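# Remarks on the overall topology
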Amino acid sequence: MENSEIKFTIQLDAQRVPEKITWDATEKSGNDLQETKAINISLWDHIQKNTLRIDLWTKEMPVLEMKRFYTETLGGMAQNILQSTGDEFMAKELKTLCDKLVTYLEKESDL
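Quick caveat, the model's predicted, so the values are computed rather than measured.

This part covers the packing of helix 1 (residues 63–85) against helix 2 (residues 88–109). Two numbers describe how helix 1 lies on helix 2: the axes approach to 8 Å, and their chain directions differ by 160 degrees. Taken together, helix 1 and helix 2 sit at an angle that is classed as roughly antiparallel. The crossing of helix 1 and helix 2 is left-handed. Its residues assigned to classes, the contact of helix 1 with helix 2 shows 15 nonpolar, 3 polar and 5 charged.

Next up, the structure:
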């Protein structure tokens, strides 16, 4: 059996607020740690039948980029739900929501 690993390292300030987030993975190209401004991890607890979430972002993450990050995450979920379950209704509804959010963000960024 083969293993694959993803590792996140979070540097915190004195108030335990993330200042720097880096990640590495056994299957990514290159050996250098990658820096990111935000992460969103969801895990399915099959015993409790609920989702466990970890959402972290650094102080430097711009608000507009955070909104785009979540919109793109929802768009990815739309594609994943279609591929994993074939549920076209759920995929279409998520995509419709993302399209509305993209339009909203475009207007907001023009301010």
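It is worth spelling out the sheet that holds strand 2 (residues 18–25) at this point. Ordered by their spatial adjacency, 3 strands build an open sheet running 1-2-3, and the pairing between neighbours is antiparallel. The open sheet has two free edges, formed respectively by strand 1 (6–12) and strand 3 (34–36), since each of these has just one partner strand. Here the strands of the sheet are splayed against their neighbours by 30 degrees on average, with no regard to which way each runs. Both strand 1 and strand 2 contribute to a ladder of 7 bridges, which runs antiparallel. Across the sheet, the residue bridging to T9 is T22, located in strand 2.

Further remarks concern the pairing of strand 2. In sequence, strand 1 turns back onto strand 2 through a hairpin of 5 residues, with R16 there showing a positive phi of about 65 degrees. Here 3 bridges tie strand 2 to strand 3, and the two strands are oriented antiparallel to one another. Residue pairing across strands places W23 opposite Q34, the latter belonging to strand 3.

This next bit is on the environment of D13. Mapped onto the elements of the fold, D13 is located in the loop between strand 1 and strand 2. Judged by its relative accessible area of 13%, D13 falls in the buried class. Within the structure, the side chain of D13 is placed 2.8 Å from the backbone nitrogen of Q15, a separation counted as a polar contact.

A separate point is the pairing of strand 4 (residues 38–45). The sheet contact formed by strand 4 and strand 5 (residues 50–57) spans 8 bridges and is antiparallel. Each residue of the ladder has a partner; that of A38, found in strand 5, is W57. Between the antiparallel neighbours strand 4 and strand 5 lie 4 residues, among them K49 with a positive phi of about 60 degrees.

For residues besides glycine, phi is generally negative; the peptide bonds are generally trans as well. The phi torsion at R16 lies on the positive side, around 65 degrees, for a residue other than glycine. As for its placement among the helices and strands, R16 is situated in the loop between strand 1 and strand 2.

Once that is clear, we can look at the pattern of salt bridges. Note on pairing: side chains with opposite charge can pair once their charged atoms come close. In the structure shown here, the tally under the stated rule is 8 salt bridges. With a closest N to O distance of 3.3 Å, D24 and K28 form a salt bridge. Residue D24 is classed as partly exposed on the basis of its relative accessible area of 25%. Judged by its relative accessible area of 16%, K28 falls in the buried class.

Rules used throughout
- Residues numbered from 1 in each chain as written.
- Predicted model: local features only at pLDDT ≥ 70, side-chain atom pairs only at ≥ 80, totals over all residues.
- Heavy atoms only, no water.
- Axes fitted to C-alpha atoms, helices over the stretch in contact; angles between N-to-C directions.
- Helix = DSSP H or I, 4+ residues; strand = E, 2+ residues; numbered from the N terminus.
- Parallel < 35°, antiparallel > 145°, perpendicular 65-115°, else oblique.
- Left-handed = near helix turned anticlockwise from the far one by under 90°.
- Nonpolar A, V, L, I, M, F, W, Y, C, P; charged D, E, K, R; others polar.
- Pairing = 2+ DSSP bridges.
- Buried < 20%, exposed > 50% of the residue type's maximum accessible area, 1.4 Å probe, protein only.
- Polar contact = N/O pair within 3.5 Å; in protein donor to acceptor, adjacent residues only side chain to side chain.
- Salt bridge = Lys/Arg side-chain N within 4 Å of Asp/Glu carboxyl O.

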